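Commentary on secondary and tertiary structure
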Amino acid sequence: MYKFYARTRQYVFSKALTLIPTREPQLIRGNGTLLQIPELLQKQGTQRLLVVTSPGFIKRGTLQTLFDRLHHAGIQYTVYSRVKPDPTIGCIEEALDEYHQKACQAILAIGGGSVIDCAKVVGARVARPEKSVHQMTGMLKVRAQLPTIIAVPTTAGTGSEVTAGAVITDETNHYKHTVVDLCLVPQYAILDPSLTLTLPKDITAATAMDALTHAVEAYINRFAPKKAKQCAKEAVRLIIQNVTTAYEDGQNIEAREHLLLGSYYAGIAITNAYVGYVHAIAHAVGGLYGVTHGVANAVILPNVLEHYGASCAREIGELADAIHLGGSNDHEKMKRFIHALRFFNEQMNLPERLDVIKKVDIPELTRRALKEANPTYPVPAIWGEKQIAEVLRTL
Ligand code: NAD
């Protein structure tokens, strides 16, 4: 009975999503496009800007030319650079104070998913000051026009520059909250691969596997619209073909550019087709133990696929075909795909298991994962406590 309710709800939501005019950011991409921002802001009439970023970008001096150009363009800017990985509610409130103190009119986020998510929720708090982050958690709880957000991803992973979601950690109970609303989609996404050249190997690997997980989960989900499937398949192709090159040679700008685009397409895919149990479990594990999101996804993905088995063998077979893995039937293609995932993990020194998971925490992790996923995510097979706990035990 529960499964029938969940599937009906998912079907209705997926149909409703096709009726709502979805937004995508205006995409600007290419080496050096970061420096187009001052002109863009001038055209918009923005005079005061909040720049949200992480400390490394200030320390490395990467943004100095941009800051000089903003100055020359007569745009006043204030920088909030204390965003931590997995941004907390505290970060949001500090950046929000900065926004109000300097009477900012727009937000420029330059960083990984943590920075962009922080900026998106700051924007949501500007638009809905009466609502706390907790009150905006869940689906369509913001419903307002946010200030202009320009998102410049510096990791090729979350796709946050194009998604309608933001993940915020409550520092008081280590709970990861997901805010999802179409109004969170930034107005502009700038994919400048030169900004990703400084990514260390481990972050390159983890973030790429995060993007790959988005693409795979969106592709195998029920009711995924055609556009989501196309974007997901293209993302899988771009990521698989470039990930080890970018990992081995971080300065390979072409591989970096393809990874950024793959991550962007994967972001479009999840906006239209959601994620699934891999993400739900990764959020629970990340929240409780602070495991890097991409690392958690990389380890969990092959295990969840194995547990799904036949319920998504056809779809995984199609993805295996897209990257020419061979195999004569869906079962064999799926086996090869899962094997390839483990091979990439090994090649990039990603762990095989998440040793931090304590047996005693499995009921709490299971509860958190199910709370996030059911009944919203249109996963290939609807699971209960038993199956989630089983996967957690294999990790
Ligand atoms: P991140 O933003 O947390 O960054 C990881 C580390 O890399 C940080 O220390 C950061 O300072 C550093 N870094 C970023 N870019 C760099 C660069 N170019 N050079 C050197 N160092 C750099 O990592 P992420 O994986 O991009 O984002 C993870 C967050 O995004 C998590 O909180 C996750 O839950 C969330 N997320 C959001 C969405 C979404 O749709 N909004 C989707 C998936 C995940």
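Residues numbered from 1 in each chain as written. Predicted model: local features only at pLDDT ≥ 70, side-chain atom pairs only at ≥ 80, totals over all residues. Heavy atoms only, no water.

**Focus on the pairing of strand β2 (residues 48-53)**
Stated precisely, the cut-off is as follows: Buried residues are those whose accessible area, probed at 1.4 Å on protein chains only, stays under 20% of the maximum for their type, while exposed residues exceed 50% and partly exposed ones sit between those limits. Secondary structure elements are taken from DSSP: a helix is a run of H or I of four residues or more, a strand is a run of E of two residues or more, and numbering for both begins at the N terminus. Following DSSP output, two strands are said to pair if at least two bridges run between them.
Across the 6 residues that make up β2, a large majority, 5, are buried. Relative to strand β3 (residues 76-80), β2 is paired through 5 bridges, and the arrangement is parallel. Residue pairing across strands places Val 52 opposite Tyr 80, the latter belonging to β3. Bridging between β2 and strand β4 (residues 106-111) involves 5 bridges; their strand directions are parallel. Paired with Val 52 across the strands is Ala 109, a residue of β4.

**A closer look at the domain arrangement of the protein chain**
The cut-off we apply is this: Delimitation of the domains relies on an automatic or database domain assignment. The criterion used for residue contact is that any of the two residues' heavy atoms lie within 4.5 Å. A simple way to read buried area is as the amount of 1.4 Å-probe accessible surface that goes missing from two parts once joined, with both sides added.
Once the domains are mapped, the protein chain shows domain 1 (21-196) and domain 2 (201-394). In this structure, domain 1 and domain 2 have C-alpha centres spaced 25 Å apart. Each partner contributes residues to the interface: domain 1 has 31 residues there, and domain 2 has 29 residues. Counting the surface domain 1 buries against domain 2, the share from its top three residues, Ala 156, Tyr 175 and Lys 176, is 22%.

**Looking at the pattern of salt bridges**
Which entries qualify depends on this criterion: We count a salt bridge whenever a side-chain nitrogen from Lys or Arg sits within 4 Å of a carboxyl oxygen from Asp or Glu.
Counted according to the given criterion, the structure contains 16 salt bridges. One salt bridge connects Lys 333 with Asp 321, and the closest N-O pair in it is separated by 3.1 Å. Of this pair, Lys 333 sits in helix α14 (residues 330-347) while Asp 321 sits in helix α13 (residues 313-322), and the two are 12 residues apart along the sequence. Exposure remark for Lys 333: the relative accessible area of 13% places this residue in the buried category. With a closest N to O distance of 2.8 Å, Arg 368 and Glu 364 form a salt bridge.

**Remarks on unusual backbone geometry**
With an omega of 0°, the peptide bond between Asn 374 and Pro 375 qualifies as cis. Along the polypeptide, Pro 375 turns up in the loop between α15 (362-373) and α16 (385-394). In this model, Tyr 274 sits at a positive phi of 65°, which is unusual for a non-glycine residue. The class for Tyr 274 is buried, based on a relative accessible area of 13%. The phi dihedral of Asn 349 falls on the positive side, at around 60°, and the residue is not glycine. Structurally, the position occupied by Asn 349 is in the loop between α14 and α15. For Asn 349, a relative accessible area of 64% puts it in the exposed group.

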